[in-house]
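Reading the structure
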Amino acid sequence: MERTTPGRDRCINTAGSPSPDRMARMARMDLLKEIKAFVHEYGGILARYHKYTMDDLNRIEEECRGLHDEACSRGACGTAGELVELEYLIGQAKAMKAKRMGEKRSLE
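Here we summarise the structure given alongside this text.

Attention now moves to the packing of aromatic side chains. This structure, assessed with the given rule, holds 2 aromatic pairs. Arranged with centres 6.4 Å apart and planes meeting at 55°, the rings of tyrosine 42 and tyrosine 52 form a pair that is tilted. Of the two residues, tyrosine 42 is situated in helix α2 (residues 20–42) and tyrosine 52 in the loop between α2 and α3 (54–73); the sequence distance between them amounts to 10 residues. You'll find tyrosine 42 and tyrosine 52 in the same group, each marked buried.

For the structure on display, the rule yields 5 salt bridges. For arginine 65, the salt bridge is made with glutamate 61, and the minimal N-O distance between the two is 3.3 Å. Of this pair, arginine 65 and glutamate 61 both sit in helix α3, 4 residues apart, roughly one helical turn. Look at arginine 65 and you get partly exposed, because its relative accessible area is 38%. Among the salt bridges present, the one from glutamate 87 reaches arginine 65, with a minimum N-O distance of 3.8 Å. Pair noted here: glutamate 87 is in helix α4 (residues 81–107) and arginine 65 is in helix α3, with a separation of 22 residues, a long-range link. Each member of the salt-bridge network shares a partner with another, and the members are Glu61, Glu62, Arg65, Glu87 and Lys94.

Criteria and cut-off values
Residues numbered from 1 in each chain as written. Predicted model: local features only at pLDDT ≥ 70, side-chain atom pairs only at ≥ 80, totals over all residues. Heavy atoms only, no water. Phe/Tyr/Trp six-rings, centres within 6.5 Å; stacked < 30°, edge-to-face > 60°. Helix = DSSP H or I, 4+ residues; strand = E, 2+ residues; numbered from the N terminus. Buried < 20%, exposed > 50% of the residue type's maximum accessible area, 1.4 Å probe, protein only. Salt bridge = Lys/Arg side-chain N within 4 Å of Asp/Glu carboxyl O.

Printed below as a string of structure tokens:
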């Protein structure tokens, strides 16, 4: 296609479907939206760590690591910095939960 082809038509290959490059960008944008939603949902985990069980915290941590790995595999590792920070917060929440559980046991 020529450089003068209008915007939408530049992004469509001859078969009428989005080009592979566009598909990859769209998939990466979807992943970034998922990361943003995940961080938004769990960003305040330290403030409400007591609402989660240790199994919940472990599950959230695994999801976070999975998203981080997925971002890196798609070349978006630089944008996954929020996930690294969230992994740290989850680790802190787990430590606080373990300490709280230990204190409860000592009171019994």
